[in-house]
Amino acid sequence: MPHPEILNYNLFGESRDLPDVVHCETIEARSRLHNWEFAPHRHARLHQVLLLEQGSGRVTLDGGELTLGDGTLVNVPPGLVHGYRFAPGSAGLVVTLAAEILDETLRPGEGLAAQLSRPAVLPAPAEIAATLSEIAAAFSDRGFARAQILRGLCALLLGQIARALAQRSAARPAAGKTDLLHRFDALVEARFRQHWPVARYAAALAITPAHLSRLCRAATGRPASAVIEDRIIREARRHLVYTNLPVQSIAYDLGYDDPAYFSRVFTRATGLSPRSFRQQSQG
């Protein structure tokens, strides 16, 4: 069922600006401000990894509640409803990446994106805890090559988490609905430039458009059409920040025959025109 009451927290990178390469903070820094509790909420375009190093708590992941203890890792993909309640004094790290960073880092066909899209609570492997600590140190450092070092560490982190999740899912096969959503995500990744309508995706999955949208709403709080458009907008944002391609060329690359129409779609989704978004991200 949809969660109309679920909050959409706007942290960095969710509306206009792309964030720093990554955002890193301690559990304590934000938890103290909220009495060590966060109501169920979601981040539309952010992937979050939490490591509870010491302490205890509870996490809600899409309606299910699990216990957290020392050395617990939590993987929260974009759009997933989640909430936390920590024992006062708990310590750890929270690393947050914009979806565009994952798009830039992960290679299609290698299967990492599918693994990282799985919510999970698991004992933190030592190498992941070490990488998170390195990210925290590099995030605080303002020296030369900081961004490059953070990009490398984030790529390492994503690979380590994907491997841990793959090993876990091999022992625990995914449920049918999860498999269906993963297949939908893979289709969107392959076909978003072709602007398939929801009905065509549903036909490829052998379900009805209404069923597909229900599954998407249950998982992300948004209909299938919004999931498809979000993938296009993420790619547009990535091009605007990481390339020097003219807006017209980006529009054509994304399958738009009319660059002006592309600009209207982008402006409606982000609140900024493509040119303004590029200028703001560079400034």
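The rules we used
Residues numbered from 1 in each chain as written. Predicted model: local features only at pLDDT ≥ 70, side-chain atom pairs only at ≥ 80, totals over all residues. Heavy atoms only, no water. Phe/Tyr/Trp six-rings, centres within 6.5 Å; stacked < 30°, edge-to-face > 60°. Helix = DSSP H or I, 4+ residues; strand = E, 2+ residues; numbered from the N terminus. Buried < 20%, exposed > 50% of the residue type's maximum accessible area, 1.4 Å probe, protein only. Lys NZ or Arg CZ within 6 Å of the ring centre and 35° of its normal. Pairing = 2+ DSSP bridges.

Caption draft 1: Structural context of the packing of aromatic side chains. Considering all chains together, one arrives at 7 aromatic pairs under this definition. Consider the rings of phenylalanine 266 and phenylalanine 277, whose centres lie 5.5 Å apart with planes at 75 degrees: the pair is edge-to-face. Placement of phenylalanine 266 in helix 11 (residues 259–270) and of phenylalanine 277 in helix 12 (residues 274–282) is noted, with a sequence separation of 11 residues between them. Of the two residues examined, phenylalanine 266 and phenylalanine 277, each falls in the buried class. Grouping aromatic residues by their ring pairs yields a cluster made of Tyr256, Tyr261, Phe262, Phe266 and Phe277. Stacked on the ring of phenylalanine 139, the Lys or Arg arginine 142 has its end atom at 5.8 Å from the ring centre.

Caption draft 2: Representation of the pairing of strand 5 (residues 57–61). In terms of residue burial, strand 5 counts as a mostly covered element, since 4 of its 5 residues are buried. With 5 bridges joining them, strand 5 and strand 6 (residues 64–68) adopt antiparallel strand pairing. Within strand 6, the position partnered with threonine 60 by the bridge is glutamate 65. As paired strands, strand 5 and strand 8 (residues 82–86) are joined by 5 bridges and run antiparallel to one another. Note on strand 8: the bridge partner recorded for valine 59 is tyrosine 84.

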